[in-house]
Amino acid sequence: MLAVVYKKTSQVKVEEVEDPKVEATTDAIIRVTSAGICGSDLHMYEGRTASKAGQVFGHENMGVVEQVGPGVVGIKKGDRVVLPFNIACGTCFDCVRGRTEACLVANPDAPHAGYGYAGMGPYRGGQAELLRVPWADFNCLKLPGQPGDDLEDDFLLLSDVFPTAYHGTELANVKPGSTVAVFGAGPVGLLAGYCALLRGASEVYVVDSVPERLAKVKEMGAIPIDFTKGDPVKQIIDLRRQNPLIMGSLRPGEEKALGVMCGIDAVGYQSRDNKGADAHGGKEKPTQVLEQLVELVNPTGSIGVVGVYIAPDPGAADENAKQGIYPLPWAKVFDKGITVGTGQTPVKRYNYFLRDLIIAGRAKPSMIVSHRLPLSDAPEAYKKFDARKDGYTKVILKPQQSPKAKA
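The rules behind each value
Residues numbered from 1 in each chain as written. Predicted model: local features only at pLDDT ≥ 70, side-chain atom pairs only at ≥ 80, totals over all residues. Heavy atoms only, no water. Patch = residues over 30% accessible without salt bridge, like charges linked within 9 Å, V, L, I, M, F, W, Y side chains within 5 Å. Areas by Shrake-Rupley, 256 points an atom, 1.4 Å probe, with all protein chains shown as cover. Salt bridge = Lys/Arg side-chain N within 4 Å of Asp/Glu carboxyl O. Helix = DSSP H or I, 4+ residues; strand = E, 2+ residues; numbered from the N terminus. Domains from an automatic or database assignment. Contact = heavy atoms within 4.5 Å. Buried area = accessible area lost by both parts, 1.4 Å probe. Polar contact = N/O pair within 3.5 Å; in protein donor to acceptor, adjacent residues only side chain to side chain. Nonpolar A, V, L, I, M, F, W, Y, C, P; charged D, E, K, R; others polar. Core = buried A, V, L, I, M, F, W, Y, C linked by side-chain atoms within 4.5 Å. Buried < 20%, exposed > 50% of the residue type's maximum accessible area, 1.4 Å probe, protein only. Axes fitted to C-alpha atoms, helices over the stretch in contact; angles between N-to-C directions. Parallel < 35°, antiparallel > 145°, perpendicular 65-115°, else oblique. Left-handed = near helix turned anticlockwise from the far one by under 90°. UniProt positions renumbered as here; feature names shortened; annotations may be inferred. Pairing = 2+ DSSP bridges. Phe/Tyr/Trp six-rings, centres within 6.5 Å; stacked < 30°, edge-to-face > 60°. Lys NZ or Arg CZ within 6 Å of the ring centre and 35° of its normal.

## Focus: a nonpolar patch on the surface
Nonpolar side chains collect at one region of the surface, where Phe93, Leu104 and Val105 lie side by side and expose about 310 Å² of accessible area between them. Turning to its location among the elements, Leu104 is positioned in the loop between β5 (80-83) and β6 (130-133).

Below, the structure is given as structure tokens:
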């Protein structure tokens, strides 16, 4: 079969690799119809993880069941399914508590597992024509419809970015009427803003600098904040201060809470210094977003961190950062009584009801998709997505449209 294979820093190729096989009675093989390129894939692509040459990328996967092992009873050949990026056994201490992002069985080396990602176990990714799915009854979410229909792209986003965005709003304690700031308008950040609106937030600000992303923020009904125009914390507070309805509702002393109650970090460890920034930011500053959220979030507010922080990071600027160790303003976090939630998303906690929001027409996460390409275009797509060029916001690869590999 054809698959997207990591070769070295900033280089992937589409090559022939061995077809997957049923290795356990609970396995399934799916024929992949859609696979997303995730911002997290860029960490590996840029050489910022321990990923090794030969790895097949792709943790955002959906397709049609081609084969099942004799122990699989809940799905069958021909079923359309989408897969959480977390691979989980379904029965360990963490899985039975709904913490499938921390399965203790699936990965022999760490308390989490996933498809095609450094440090997440021995599993190949799904940017390929075929994919092996362990514990298929537990990990497959059954879908209605047919491959390539109007809901294909929406359903694919149930594999990662839509649940991850929703998880960000859960960690940030977003409720009806909440004020929310999302830092980062990549796929997860855009959908975090969208999910905050779905949950009834009164104001949603989304901070970024790429014009196409900021236009999408405005299109979905949130307030775009361009950090190249000045300190985003000050911009948000000034906008709220200039609103006579907000100011007219405050009792004396409440002007101390002109920030927001809920903040979401959808950037992670490759955030950029805002000083002297252009559309792609300034020098890398891993703590930039967290520092600004601590400043912006009101006393007793909440911060949800769904942007990736990872170690080891071979490309970091200093020895501490290479081990994921960063200085943070914890005294201010304590003083303001801010709640901080973080970690990988337990996709299965959310994907059932998010699927049903899509089916009911209440949610359309595919609004963020910018490109749908054959698998053979993956090398160029990675290059442009990494450079944030030509409006590459969210790329979905279509393996069944690729007749042959492209060098």
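## What about the domain arrangement of the protein?
The domain architecture assigned to the protein consists of domain 1 (2-160 + 347-398) and domain 2 (167-342). Using C-alpha coordinates to define each centre, domain 1 is positioned 28 Å away from domain 2. Tallying the contact residues gives 21 residues for domain 1 and 23 residues for domain 2. Contact between domain 1 and domain 2 buries roughly 2000 Å² in total, counting both sides, with carbon and sulfur atoms accounting for 60%. It is Arg48, Tyr350 and Met367 in domain 1 that bury the most area against domain 2; as a group they hold 35% of the surface buried on that side. A salt bridge links Glu284 to Arg48; its shortest N-O distance comes to 2.8 Å. Connecting domain 1 to domain 2 are eight residue pairs in polar contact (both at pLDDT 80 or more). Looking at the side of domain 1 that touches domain 2 residue by residue, the class counts come to nine nonpolar, six polar and six charged.

## Side note on the nonpolar core
Counting 43 residues, the largest nonpolar core has Leu158, Phe162, Val180, Leu191 and Val206 as the members making the most contacts within it. For this core, the secondary-structure elements that each account for two or more residues are β7 (141-143), α3 (152-156), α4 (161-171), β8 (179-183), α5 (187-198), β9 (203-208), β11 (260-265) and α12 (347-359). For this core, the leading source of residues is α5, giving seven residues. Shared between two domains, this core holds at least three residues of each, these being domain 1 (2-160 + 347-398) and domain 2 (167-342). Apart from the residues within four sequence positions on either side, Phe162 is in contact with Leu157, Leu191, Tyr194, Cys195, Leu198, Leu354, Ile358, Ala363 and Pro365. Ile37, Val347, Tyr382 and Val395 belong to the second largest nonpolar core, which has 29 residues in total.

## Describing the packing of α4 against α5
It is at 8 Å that the axes of α4 and α5 come closest, and there the two elements cross at 60°. Judged by the inter-axis angle, α4 sits oblique to α5. Crossing angle aside, the handedness with which α4 passes α5 is right-handed. Residue-level inspection shows Val161, Phe162, Thr164, Ala165, Tyr166 and Thr169 of α4 in contact with α5, the latter providing Pro187, Val188, Leu191, Ala192, Tyr194, Cys195, Ala196 and Leu198. Residues of the contact of α4 with α5, tallied by class, amount to twelve nonpolar, two polar and no charged.

## Thoughts on the side chain of Gln288
Within the secondary structure, Gln288 is located in helix α9 (residues 288-296). Ignoring anything within four residues of it in the chain, the contact list for Gln288 reads Ser271, Arg272, Asp273 and Asn274.

## Examining the UniProt feature "domain: Alcohol dehydrogenase-like N-terminal" (unreviewed entry) in the protein
According to UniProt, the "domain: Alcohol dehydrogenase-like N-terminal" (unreviewed entry) feature falls on residues 26-144. End-to-end, the C-alpha atoms of residues 26-144 are 22 Å apart, and along that stretch the chain is 9% helix and 25% strand.

## Points about the pairing of strand β2 (residues 11-16)
The pairing of strand β1 (residues 2-8) with β2 spans six bridges and is classified as antiparallel. Bridged to Tyr6 within β2 is Val12. The hairpin formed by β1 and β2 contains two residues between the paired strands, and Ser10 there has a positive phi angle of roughly 65°.

## Focus: the environment of Leu198
Summarising the element assignment, Leu198 is placed in helix α5. Since its relative accessible area comes to 37%, Leu198 is described here as partly exposed. Along the sequence, Leu198 and Val182 sit 16 residues apart, while their C-alpha atoms lie 14 Å from each other. Those residues within four positions of Leu198 in sequence are excluded, and the remaining contacts are Phe162, Arg362 and Ala363.

## Focus on the environment of Met120
Tracing the sequence through the fold places Met120 in the loop between β5 and β6. Through-space distance from the C-alpha of Met120 to that of Ile87 is 9.0 Å; in sequence the pair is 33 residues apart. Ignoring any residue separated from it by four or fewer positions in sequence, one finds Met120 in contact with Phe85, Asn107, His112, Ala113, Gly114 and Gln344.

## What about the packing of aromatic side chains?
Following the criterion strictly, the structure yields seven aromatic pairs and no others. Taking 5.5 Å as the distance between ring centres and 55° as the angle between the ring planes, the aromatic pair formed by Tyr166 and Tyr350 counts as tilted. One end of the pair, Tyr166, is in helix α4; the other, Tyr350, is in helix α12, and 184 residues separate them in sequence. Each member of the pair, Tyr166 as well as Tyr350, is classed as buried. With centroids separated by 6.2 Å and ring planes inclined at 85°, the aromatic side chains of Tyr350 and Phe353 adopt a geometry described as edge-to-face. Separated by three residues within a single helix, Tyr350 and Phe353 lie in helix α12, roughly one turn from each other. Overall, the relative accessible area of 2% leaves Tyr350 in the buried class. According to the relative accessible area criterion, Phe353 is partly exposed, its value standing at 35%. Three or more aromatic residues link up through ring pairs in this structure, and these residues are Tyr6, Tyr45, Phe57 and Tyr382. When the ring centre of Phe138 is taken as origin, the NZ or CZ atom of Lys348, which lies over that ring, is 4.5 Å away.

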